[in-house]
Amino acid sequence: TLVLDEADEMLSMGFIEDIEAILKETPSERQTALFSATMPQPIRRLADNYLRDPQAIILQREQMTVTTIEQRYYLVNEADKTAALTRLFEVEPVTSALIFVRTRAGSGELANELTVRGFPAEVLNGDLSQEAREQVMSRFRQNQVKVLVATDVAARGLDIDDISHVFNYDLPEEDEEYIHRVGRTGRAGK
């Protein structure tokens, strides 16, 4: 059995050649499961080339986000984004926040800047070991830290209750990523 989870993220990180190399080395008589939040063309080609009689399960809803999520946007200059974000922390009732950035370096820079400005934050990115990731998540779940600055890849698969705010500090490349990001809040009728 071969399971490819988060295939779209592996693709966007440049691992398609590695995935294909692994697939070529596995027995032809295998069960293969491919999971992907989005289905860009390279993922479809991968599925067509390596899956036998694949069954696609596509989830679509008429409404992509729940009605309990209030969504807002602010047009700000790139140089003013951190100042605008900290202003929102000053005026909003933020009890816990997940802030999405595009890069690992950006996550560290923003977490440091927020901490300097009086809003202690921790990073959740691909540079963390599994043990460090679990420690960060434990502190976040126990409200020891209220702000996580994360990359999309690092935030995949998180199941956290009671996130009051999701900030898209850097906009995602794909619409589906936006839906995944904002869906981290507004759970269980909140």
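As a reminder, the structure under discussion sits directly above these lines.
Residues numbered from 1 in each chain as written. Predicted model: local features only at pLDDT ≥ 70, side-chain atom pairs only at ≥ 80, totals over all residues. Heavy atoms only, no water.

## Let's talk about helix H5 (residues 104–116)
The end-to-end C-alpha distance of H5 is 19 Å, a good match for the 18 Å that 13 residues give at a rise of 1.5 Å each. Within the span of H5, buried status applies to Gly106, Ser107, Leu110, Ala111 and Leu114. The buried residues of H5 occupy an angular sector of 130 degrees when the element is viewed end-on, so they sit on one face. Opposite its buried face, H5 presents the exposed residues Ala105, Glu109, Asn112 and Val116, each directed more than 90 degrees away. Its side-chain oxygen at 2.9 Å from the backbone nitrogen of Gly106, Thr103 defines the N-terminal cap of H5. Following H5 by one or two positions, Gly118 has its phi on the positive side, about 95 degrees. (Helix = DSSP H or I, 4+ residues; strand = E, 2+ residues; numbered from the N terminus. Expected span 1.5 Å × (residues − 1). Buried < 20%, exposed > 50% of the residue type's maximum accessible area, 1.4 Å probe, protein only. Arc of directions from axis to C-beta. Polar contact = N/O pair within 3.5 Å; in protein donor to acceptor, adjacent residues only side chain to side chain.)

## As for the sheet that holds strand S5 (residues 147–151)
With parallel pairing, the 4 strands of this open sheet are ordered in space as S4-S5-S3-S6. Unpaired on one side and paired on the other, strand S4 (122–124) and strand S6 (165–168) mark the two borders of the sheet. Taking the axes of each pair of neighbouring strands and ignoring which way they run, one obtains an average angle of 25 degrees across the sheet. When strand S3 (residues 97–101) meets S5, the two strands line up parallel, connected through 5 bridges. By the bridge assignment, Ile99 is partnered in S5 with Val149. Relative to S4, helix H6 (residues 130–141) is tilted by about 125 degrees, and along the sheet it contacts S3, S4 and S5. (Pairing = 2+ DSSP bridges. Axes fitted to C-alpha atoms, helices over the stretch in contact; angles between N-to-C directions. Contact = heavy atoms within 4.5 Å.)

## Regarding the packing of helix H4 (residues 81–91) against H5
Where H4 contacts H5, the axes come no closer than 11 Å and their chain directions differ by 50 degrees. By the angle between their directions, the pair H4 and H5 is classed as oblique. Relative to H5, H4 is oriented so that their crossing is right-handed. Only Leu110, Glu113 and Leu114 of H5 make contact with H4, whose side of the interface consists of Thr82, Leu85 and Thr86. When its residues are assigned to classes, the contact of H4 with H5 shows 3 nonpolar, 2 polar and 1 charged. (Parallel < 35°, antiparallel > 145°, perpendicular 65-115°, else oblique. Left-handed = near helix turned anticlockwise from the far one by under 90°. Nonpolar A, V, L, I, M, F, W, Y, C, P; charged D, E, K, R; others polar.)

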